[in-house]
Amino acid sequence: MKKQLIESDIRYGAIQKAIRFVNYELIEGDVFEFGLYTGRSLALLQIAHEEYLKKSIHKINFSRDFIGFDSFKGMFKTNHPRWEDGSFSTNHSWHPTIKIGEAVTKGKVINFFKTLNLKPPIIIEGSFEKSVKEFLKKYSRKAAIIHIDCDTYENTKLILENIRGILQEGTVIMFDDWFNYKGNSKYGEARAFNEFKSVCKEFSFIDYFNYGTFCKAFISVIKNGLKAAGGL
Ligand SMILES: C[S@@+](CC[C@H](N)C(=O)[O-])C[C@H]1O[C@@H](n2cnc3c(N)ncnc32)[C@H](O)[C@@H]1O
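The rules we used
Residues numbered from 1 in each chain as written. Predicted model: local features only at pLDDT ≥ 70, side-chain atom pairs only at ≥ 80, totals over all residues. Heavy atoms only, no water. Helix = DSSP H or I, 4+ residues; strand = E, 2+ residues; numbered from the N terminus. Buried < 20%, exposed > 50% of the residue type's maximum accessible area, 1.4 Å probe, protein only. Polar contact = N/O pair within 3.5 Å; in protein donor to acceptor, adjacent residues only side chain to side chain. Contact = heavy atoms within 4.5 Å. Phe/Tyr/Trp six-rings, centres within 6.5 Å; stacked < 30°, edge-to-face > 60°. Lys NZ or Arg CZ within 6 Å of the ring centre and 35° of its normal. Near = heavy atom within 4 Å. Areas by Shrake-Rupley, 256 points an atom, 1.4 Å probe, with all protein chains shown as cover. Pairing = 2+ DSSP bridges. Right-handed = clockwise from strand over helix to strand, strands pointing away.

Structurally, Lys216 is set in strand S7 (residues 215-222). Judged by relative accessible area, Lys216 falls into the buried class, the value being 10%. Within the structure, Lys216 has its side chain in polar contact with the side chain of Asn210 (distance 3.0 Å). Those residues in contact with Lys216 that lie beyond four places of it in its chain are Ile173, Met174, Phe175, Trp178, Phe179, Asp207, Phe209, Asn210 and Tyr211.

In structure tokens:
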């Protein structure tokens, strides 16, 4: 089942690359996903991590949690021509444990991880407006990878405004919908991130790679890092 899941998703190679990067660079902390849906991409992140732990000669001595946020109610207030209010509240394509057309729920996503023998993810259910701020206020660890897959400018802006405290040097931020809106960066995730970059005092963001059809990844770098390390 894992093999079929991996083969069905063009993002897996990119997911492996991001996991290898944070593991090789010993970037501690957890893997966050904003926009969990049926759990496919968070499961792939965990599968890539487990494969790394099994096969790599470069060991790590810390553990990671896999944390996913979703309302399970689908999209709303979107101006993208392909998404409607409620898109993604039911499963729309092949999935190992959730049938096409079935409602997506937290319980079904947990069952999906269990079926694949993966560690249960931490699932924060609710609208981002409420859940993201509330959860991150009490959270004291850092993020190794942040996967943003909630499509709209408004969602992405809200998430970026709340993740500053969990960023660290080396956090990889992956955007699933970077080149949507016909590649026009005045919309969607690209607009929200460009605005965030211009006000974020602590970090700059290095272009890492493009992947899949619409996706792009960045690495967070501390702005005064060289000074702190005795450099410039
Ligand atoms: C494109 S899907 C995520 C797909 C998933 N990452 C994958 O690759 O399998 C986007 C998800 O974001 C969730 N979402 C959108 N807006 C939200 C909001 N304001 N609060 C919480 N969840 C939201 C939807 O319910 C939907 O499940």
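The next subject is the environment of Glu195. Within the secondary structure, Glu195 sits in helix H7 (residues 188-199). For Glu195, a relative accessible area of 31% puts it in the partly exposed group. Expressed as a C-alpha distance, the spacing of Glu195 and Gln168, which sit 27 residues apart in the sequence, is 19 Å.

Attention now goes to the packing of aromatic side chains. Inspection of the entire model under this criterion finds 22 aromatic pairs. With a centroid separation of 5.9 Å and 75 degrees between ring planes, the pair formed by Trp178 and Phe193 is classed as edge-to-face. Taken together, the positions of Trp178 in the loop between strand S5 (172-175) and H7 and Phe193 in helix H7 put the pair 15 residues apart, joining distant regions of the chain. We classify Trp178 as buried; its relative accessible area is 10%. A residue is classified by how much of its surface remains accessible, and Phe193, at 0% relative accessible area, is buried. With a centroid separation of 4.7 Å and an interplanar angle of 45 degrees, the aromatic rings of Phe193 and Phe218 are classed as tilted. Of this pair, Phe193 sits in helix H7 while Phe218 sits in strand S7, and the two are 25 residues apart along the sequence. Owing to a relative accessible area of 2%, Phe218 belongs among the buried residues under this scheme. Taken together through their ring pairs, the aromatic side chains of Phe175, Trp178, Phe193, Phe196, Phe205 and Phe218 make up a single cluster. Against the face of Phe209 rests Lys17, its NZ or CZ located 4.4 Å from the ring centre.

For the ligand, the set of nearby residues contains 21 residues, the closest of which are Arg11, Gly35, Ser41, Asp70 and Asp149. With respect to the ligand, the side chain of Glu129 contributes an N or O atom lying 3.5 Å from a nitrogen atom. For the ligand, whose free accessible area comes to 610 Å², the fraction covered by protein is 96%. Every element with two or more residues in the shell around the ligand is listed here: helix H3 (40-55) and helix H5 (128-138).

The subject of this paragraph is the pairing of strand S6 (residues 203-211). Bridging between S6 and S7 involves 8 bridges; their strand directions are antiparallel. Residue Phe209 lies in a different strand from S7, and its bridge partner there is Ala217. If you look at the hairpin formed by S6 and S7, you'll find 3 residues sitting between the two strands, and Gly212 has a positive phi there, around 55 degrees.

Okay, the pairing of S5 next. Side chains Val172 and Met174 project from S5 onto one buried face, and the interleaved Ile173 and Phe175 project onto a second face that is buried too. Bridge count for strand S4 (residues 143-148) against S5 is 4 bridges, and the pairing is parallel. Within S5, the residue paired with Ile145 across the bridge is Val172. Taken together, S4, helix H6 (residues 153-162) and S5 form a β-α-β motif whose crossover is right-handed. One ladder, built from 4 bridges, connects S5 with S7; its direction is antiparallel. Each bridged residue has a counterpart across the sheet, and for Val172 the counterpart in S7 is Ile219.

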